[in-house]
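Descriptive structure summary
Given next are the chains, with one letter for each unit.
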Amino acid sequence: MTGERIPVAERPNAPSLNVRSDQLVLPGRSSPFNSGPRFQRYRPKDLKDVEASRTDRTRFFEETLVRLYNETRRDIPFLFKTADDDLRSLDAGCLGFLYNRPDRTSCSGWTTKAISGR
């Protein structure tokens, strides 16, 4: 996938969400909420992944994203700070799975806004 690197200068302005980093980790699996020194944002046309079969990781991502939306009642930003001041971004592959689902219109509109990263 081709994304646009998020400049280091933008990172301090990332919105904060009332969620701890440990709530974004699926035990025994890689987190679908990325951390680390490199962050990229993606446009819908960049998200080509299609979920071949349902996995614990994508189910966890979807359920956590919906829970965060329901708790905040606002769009979930692509890049955000956690309550414990950790910088996280939404996994592009998991976003692609959600975005390319046949029933994505049932996601209350949050998917497209989260994907835009803006």
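Please read these numbers as outputs of a predicted model, since none were measured by experiment.

1. Concerning the overall build of the chain
A count of helical and extended segments in the chain gives three helices and five strands. Mapped in sequence order, the helices and strands of the chain form the string β-β-β-α-β-β-α-α. Counting contacts in the chain only where the partners sit at least 6 residues apart, residues at least 24 apart contribute 83% of the total. With the model as given, the accessible surface of the chain reaches about 6600 Å², and the carbon-plus-sulfur share is 48%.

2. Structural notes on the sheet that holds strand β4 (residues 79–81)
Read across the open sheet, the three strands follow the order β2-β5-β4; overall the sheet is antiparallel. The open sheet has two edge strands, β2 (33–34) and β4, and neither has a second partner. Pairing geometry for β4 and strand β5 (residues 87–90), over three bridges, is antiparallel. Of the residues in β5, the one forming a bridge with Leu 79 is Ser 89.

3. Quick notes on helix α1 (residues 56–72)
For α1, built from 17 residues, the straight-helix expectation of 24 Å at 1.5 Å per residue is met to within 8% by its first-to-last C-alpha distance of 24 Å. Taken together, the buried positions of α1 are occupied by Arg 57, Thr 58, Phe 60, Phe 61, Glu 62, Thr 64, Leu 65, Leu 68 and Tyr 69. Looking at the residues trailing α1, positive phi occurs at Arg 73, about 55°.

4. Here we look at the pattern of salt bridges
A full pass over the atoms with the stated rule returns eight salt bridges. Here Asp 22 makes a salt bridge to Arg 20, at a shortest N to O gap of 3.0 Å. The network of salt bridges with shared partners includes Glu 4, Glu 10, Arg 41 and Arg 43.

5. Digging into the confidence of the model for the chain
Across the chain, the average pLDDT comes to 82, with 86% of residues at or above 70. Contacts for the low-pLDDT stretch residues 106–118, under 50 throughout, to residues beyond four places or in other chains number 26 contacts.

6. Describing the pairing of β5
In β5, alternate side chains face the same way, and those of Leu 87 and Ser 89 on one face and Arg 88 and Leu 90 on the other are all buried. As paired elements, β2 and β5 share two bridges and run antiparallel to each other. Looking at β5, one finds that Phe 33 is bridged to Leu 90.

Reading guide: rules and limits
Residues numbered from 1 in each chain as written. Predicted model: local features only at pLDDT ≥ 70, side-chain atom pairs only at ≥ 80, totals over all residues. Heavy atoms only, no water. Helix = DSSP H or I, 4+ residues; strand = E, 2+ residues; numbered from the N terminus. Contact = heavy atoms within 4.5 Å. Areas by Shrake-Rupley, 256 points an atom, 1.4 Å probe, with all protein chains shown as cover. Pairing = 2+ DSSP bridges. Expected span 1.5 Å × (residues − 1). Buried < 20%, exposed > 50% of the residue type's maximum accessible area, 1.4 Å probe, protein only. Salt bridge = Lys/Arg side-chain N within 4 Å of Asp/Glu carboxyl O. pLDDT = per-residue confidence, 0-100.

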